[in-house]
There are 2 protein chains.
Amino acid sequence: MAKLQPQEGTGAWRPAGPGDLQELAGRITALLDAFGRCGADPDGGYTRYLYSGAWQEAQCAVSREMDAAGLSVYYDEAGNLFGRLEGSSAEEGAVLTGSHIDTVRCGGLYDGAAGIAAAVAAIELLHRRCGQPRRTLEAVSLCEEEGSRFPLTFWGSGSIAGRYAPDAPPEAADRSGVTLAEAMKAAGFGPGTHRSARRTDIGAFVELHIEQGAVLEQERLDLGVVLGIVGQRRWTFTLRGEANHAGTTPMRLRRDALAGACEMILEAERQACAYGEAMVATAGSVSAAPGLSNVIAGQAVFTLDVRHPDAETLQSFCDELYGIFEGIAASRELEFAGEQWMNVLPAPMDARLCEAVEAAAKGLGLRSRRMYSGAGHDAQVFSGSFPAAMLFVPSSKGLSHSPEEYTSPEQLARGAAALCNVLYTLAYEEEEKEKGDSQHENVR
Amino acid sequence: MAKLQPQEGTGAWRPAGPGDLQELAGRITALLDAFGRCGADPDGGYTRYLYSGAWQEAQCAVSREMDAAGLSVYYDEAGNLFGRLEGSSAEEGAVLTGSHIDTVRCGGLYDGAAGIAAAVAAIELLHRRCGQPRRTLEAVSLCEEEGSRFPLTFWGSGSIAGRYAPDAPPEAADRSGVTLAEAMKAAGFGPGTHRSARRTDIGAFVELHIEQGAVLEQERLDLGVVLGIVGQRRWTFTLRGEANHAGTTPMRLRRDALAGACEMILEAERQACAYGEAMVATAGSVSAAPGLSNVIAGQAVFTLDVRHPDAETLQSFCDELYGIFEGIAASRELEFAGEQWMNVLPAPMDARLCEAVEAAAKGLGLRSRRMYSGAGHDAQVFSGSFPAAMLFVPSSKGLSHSPEEYTSPEQLARGAAALCNVLYTLAYEEEEKEKGDSQHENVR
């Protein structure tokens, strides 16, 4: 076993140091190249819908790389793919790390795949340098996160956490009418095909992912320590006024539904800015009827997406905004109705894991900051069942779900080095450090 | 000849007095019933597209009623229909009164038709009570004003005023590809079929029309004296920002094209209100791209319709607003482009005719106000060639272009009585009163 090297800035010993960054960069680039040979879309980027041919090829490529990295590879019945490094202490929960292999249509090379590559590279380095871990380490390529083919997200992680059961999948069908159950069977998965998806033996989950925002890039940081994943509410608001002649109706006699919608959209923006950085409110779609240049809009419809990491703050913001909207509608004599069609609670990450990530970043001399994830991730599903944490690496221009996604090999290597040292802390260091994980403390 | 009756409130003698309102109401109701038997639309209201079967039936009905009213009836080559009461003084210009018989799709009973009915009823009453006029009186059923079938408006009045020439019609086609020339020929009109449309013998035009707005109703008035018809500008504005993730992009890092569009639309509304009653600005249509609830809009497009009766005011308002829009785009780092695709100049009505209308209203004890027309009318085409004036009668709820249009028989009768007395002033009273009409003074 290679001797551990001293960690700069700390007295502690860690397997990955600045000297390993170049090697990690090369290894992750090679892994992403291998994954990137699967699912290239003629329209640009990558399309790997759950259980599709491109998806199957990608899982096979991951499987080959896990095997080459000395991990014992297996699928579960849902199609999640694992590369396992057995630990010496059977009774302690396994440490799981990885991300998702599926993509949106014409997605990028990094969203999901980068976390799988970092997981394989990190465990490989740990194994070579530190030998067998005390706790079992598993790299995972989760079968579905985006919900791009079927109208449900987190099928893979949900099956592991028990939110979903592959022997009784939801009645979801893709655009061509193929059900989730049929697609799963056609790809060779489903009840009885592989080991059960449900896991009760996992002690922790750590996921590396691209930020999907521009904060790290703007602030020239290496790493984001994710304190939690935001809650989301989505509405469709409908305003009804009176369609009327644009030339003959004086301004004072109008009940202009579109002007009312514009006032609400601007107010949502103003209020969100006033609530501070963690609050975002977005009106992404709007329409007016009859929609003619010379007719005052009698009806206007717009959507609103509001996100915040704290459940109470999210609730109070939405309550206040709704009241403001009612006031605007009343002052303009507009009928007003809001339909909330999404309400996802915030998912705080595990406090002690976050500290471990920060310590790893500090030990490597990385520039990091605490932040919240404004997008959904598998970690939010796992966080309800066992301690979960996430590391964000910068994403060029904050892009994601785009063929233009880019994170440099050096940026990926810094993240992977931090991941490697977090995994070392969890799987190799003395047990007393891990006490209390079973009743894990989430970030509040 | 029946003895003229004294006009209440004035020493003047006029043919129509309060005692005639009931008779006029009955006559106009009967005429509208006759016209209303043509072009009923299964979807509601009336659809009488230029040269269609329904339109031809309607002109035949008007022709029968003009004939029954003792007028000599003829068409011109464009399809305009006239009912003529010959005057004793051939050298003086004819006095033309009437409106249009065509409708929008599923239009109402009154928009256009009410002015034709009032014209026939008024000339009929004048003839019976005052005999032959000095100046020739003609009721007219103009063949086209709305531009509903072909993408051009004012074909009928434009042919009379020389803006258009039926022997060289514009290359316009309807939705089924039939050209204006083909449709005209198929309906039995066009060069050589009837007398030439171009007229140089008209001395004045007076049109009664429903208001198409709610001002008269709101202010409980009988009559609107139209000082002019507004100018119109229409634009399509396009804003480009950056489409981005609604959850991961902090408010401060956004370039939200839709939020920018909303700010502009509200500013247009605010500025128009500040400019006073005669100014209207309307954003009737808006769209955002990609138009997804969870994606910040990278592009937004909206239309703006601005109208005002004074050319200079309209110009300066539009210039100021454009500058404000540029400022909003700059402050939000949005690309901004505005395409103006309509620019119609204001058309002032003839000042001396307006005075005659006001005197007639006063003489009948009607409650009237001066106002501008926010909608286009044939009178704006005529006003460039000879003195033109318009009388508005109230329209229930300000509706027009709707099956719900309604103006009561009593309201129509009051307007027709005023029209009758204006026609008397123009066609029967002594010539010196008419001096200077040939170089008519428009309202400034």
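All of these numbers come straight from a predicted model, not from anything done at the bench. (Residues numbered from 1 in each chain as written. Chains lettered and ligands numbered in written order. Predicted model: local features only at pLDDT ≥ 70, side-chain atom pairs only at ≥ 80, totals over all residues. Heavy atoms only, no water.)

Enquirer: Account for the confidence of the model for chain A, naming residues and giving values.
Expert: Detail in the predicted coordinates should be disregarded across regions flagged by low pLDDT. On average, chain A scores 93 in pLDDT, and the residues at 70 or more come to 94%. Interface confidence for the predicted complex, given as ipTM, is 0.82, next to a pTM of 0.82. (pLDDT = per-residue confidence, 0-100.)

Enquirer: So what about the packing of helix H1 (residues 21–35) of chain B against helix H3 (residues 113–130) of chain B? Which residues, and what values?
Expert: Residues and elements named next belong to chain B. Remark: H1 packs on H3, axes separated minimally by 9 Å, with the N-to-C direction vectors making an angle of 135°. Taken together, H1 and H3 sit at an angle that is classed as oblique. Crossing handedness for the pair H1 and H3: right-handed. Two secondary-structure elements touch here, H1 through Glu23, Leu24, Arg27, Ile28, Leu31, Leu32 and Phe35 and H3 through Ala113, Ala114, Ile116, Ala117, Ala118, Val120, Ala121, Glu124, Leu125 and Arg128. (Axes fitted to C-alpha atoms, helices over the stretch in contact; angles between N-to-C directions. Helix = DSSP H or I, 4+ residues; strand = E, 2+ residues; numbered from the N terminus. Parallel < 35°, antiparallel > 145°, perpendicular 65-115°, else oblique. Left-handed = near helix turned anticlockwise from the far one by under 90°. Contact = heavy atoms within 4.5 Å.)

Enquirer: Could you give an account of the interface of chain A and chain B, naming the residues involved and the relevant values?
Expert: Frequently, the measure chosen for interface size is the accessible area removed from exposure when the parts meet. At the interface, 55 residues of chain A touch 56 residues of chain B. Both sides of the chain A and chain B interface together cover about 4,300 Å² of buried area, and 58% of this is carbon and sulfur. A salt bridge links A:Arg332 to B:Glu269, with the nearest nitrogen and oxygen atoms 2.7 Å apart. Taken together, the connections running from chain A to chain B amount to ten residue pairs in polar contact (both at pLDDT 80 or more). If one sorts the elements of the side of chain A that touches chain B by residue count, helix H7 (residues 257–274) of chain A sits on top with nine residues. Taken together, the residues of the side of chain A that touches chain B break down into 25 nonpolar, 19 polar and eleven charged. (Buried area = accessible area lost by both parts, 1.4 Å probe. Salt bridge = Lys/Arg side-chain N within 4 Å of Asp/Glu carboxyl O. Polar contact = N/O pair within 3.5 Å; in protein donor to acceptor, adjacent residues only side chain to side chain. Nonpolar A, V, L, I, M, F, W, Y, C, P; charged D, E, K, R; others polar.)

Enquirer: Please give an account of the domain arrangement of chain A that cites residues and values.
Expert: Residues and elements named next belong to chain A. By domain assignment, chain A separates into domain 1 (18–229 + 346–443) and domain 2 (231–344). A C-alpha centroid distance of 37 Å is found between domain 1 and domain 2. Between domain 1 and domain 2, a total of about 570 Å² is buried, with carbon and sulfur atoms accounting for 60% of that surface. A per-residue breakdown of the area domain 1 buries against domain 2 is headed by Pro346, Tyr372 and Gly374, which together make up 69% of the total. (Domains from an automatic or database assignment.)

Enquirer: Give a description of the UniProt feature "binding site: allantoate" (unreviewed entry) in chain A that names residues and reports values.
Expert: If you check UniProt for "binding site: allantoate" (unreviewed entry), the listed places come out as A:Arg234, A:Asn294 and A:Arg307 in our numbering. Of the residues just listed, which span 74 residues, the most distant C-alpha pair is 36.7 Å apart, and they do not cluster in one region. Along the chain, A:Arg234 falls in strand E9 (residues 231–240). Taking the relative accessible area as the measure of exposure, A:Arg234 reaches 9% and is therefore buried. With residues near it in sequence (within four places) discarded, A:Arg234 still touches A:Leu304, A:Asp305, A:Arg307, A:Glu339, A:Gln340, A:Trp341, A:Met342, B:Ser293 and B:Asn294. (UniProt positions renumbered as here; feature names shortened; annotations may be inferred. Buried < 20%, exposed > 50% of the residue type's maximum accessible area, 1.4 Å probe, protein only.)

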